[in-house]
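# A look at the structure
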Amino acid sequence: MPMRELQTAAFVLFALACATPVQAQSAYGIGRVATPAEIAGWNIDVDSHGDNLPAGSGSVGHGREVFDQQCAACHGAKGEGGIGDRLVGGQGTLATPKPVKTVGSYWPYAPTLLDYIRRAMPQNAPESLSNDDVYAVSAYILNLNGLLPADATLDAKTLSAIKMPNRSMFTGDPRPDVKNPECMKGC
């Protein structure tokens, strides 16, 4: 009889364990919902239209100084390339057998330049430049490519207004499976 009672007790415990309601936690019971401040700290991306550009401004002259200190070691003194990519030149080469893809010849939108520099550069210390420094470096690179005068100051409004030479050569994605309307709302 003791064996039968033990089996019955084990069955009852097993049934109770299966009937226990599931807790509303992650699979591992760790983590929490991010706070609005934490989300805002990561929500720094800028789209091609210039939405979400940060406050600040920077001149071509200041950009030259920051570029010399933070960028020239990888990208060359005048953006001609080195360890890092070439940033200047290449206009008119995209249709040739050896296209030179630079900010001035290939990039379709100026705000994405600022976005990339702001989030990824310098490579050894991403996000370490101030907003004013990022605007200034962007202004300098655009100036080197002949897209901004040497006495210009760049801010959210002037950056969004720049029309890049290769803007019309990019097309939308024609695949029908990437046109999900739910992905295009509240992004």
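Up top you'll find the structure we're talking about.
Below you will find a few notes about this structure. On a predicted model such as this, the values are computed, not experimentally measured, just so you know.

Since the α-helix advances by 3.6 residues per turn, residues separated by three or four positions end up pointing in the same direction. Regarding helix α5 (residues 110–120), the residues found buried are A110, P111, L113, L114, D115, I117 and R118. Residues of α5 that are buried in the fold lie against α6 (131–144) and α7 (156–161).

Here the structure, examined in full by the defined rule, presents two salt bridges. For D115, the salt bridge is made with R119, and the minimal N-O distance between the two is 2.6 Å. With D115 and R119 both in helix α5 and four residues apart, the pair spans about one turn of that helix.

Turning our attention to unusual backbone geometry. A cis amide bond links M121 to the next residue, P122, at an omega of -10°. Residue position: P122 is located in the loop between α5 and α6. For N52, which is not glycine, the phi dihedral falls at a positive 80°.

With 14 residues, α6 extends 20 Å between its outermost C-alpha atoms, agreeing within 8% with the 20 Å of an ideal straight helix rising 1.5 Å per residue. Counting buried residues in α6 gives eleven out of 14 residues, a clear majority hidden from the surface. For α6, the complete set of buried residues consists of D133, V134, Y135, A136, V137, S138, A139, Y140, I141, L142 and N143. Elements that come into contact with the buried residues of α6 comprise β1 (57–59), α3 (60–70), α5, β2 (153–155) and α7. One or two steps after α6, the chain reaches G146, where phi turns positive at roughly 75°.

Conventions used here
Residues numbered from 1 in each chain as written. Predicted model: local features only at pLDDT ≥ 70, side-chain atom pairs only at ≥ 80, totals over all residues. Heavy atoms only, no water. Buried < 20%, exposed > 50% of the residue type's maximum accessible area, 1.4 Å probe, protein only. Helix = DSSP H or I, 4+ residues; strand = E, 2+ residues; numbered from the N terminus. Contact = heavy atoms within 4.5 Å. Salt bridge = Lys/Arg side-chain N within 4 Å of Asp/Glu carboxyl O. Expected span 1.5 Å × (residues − 1).

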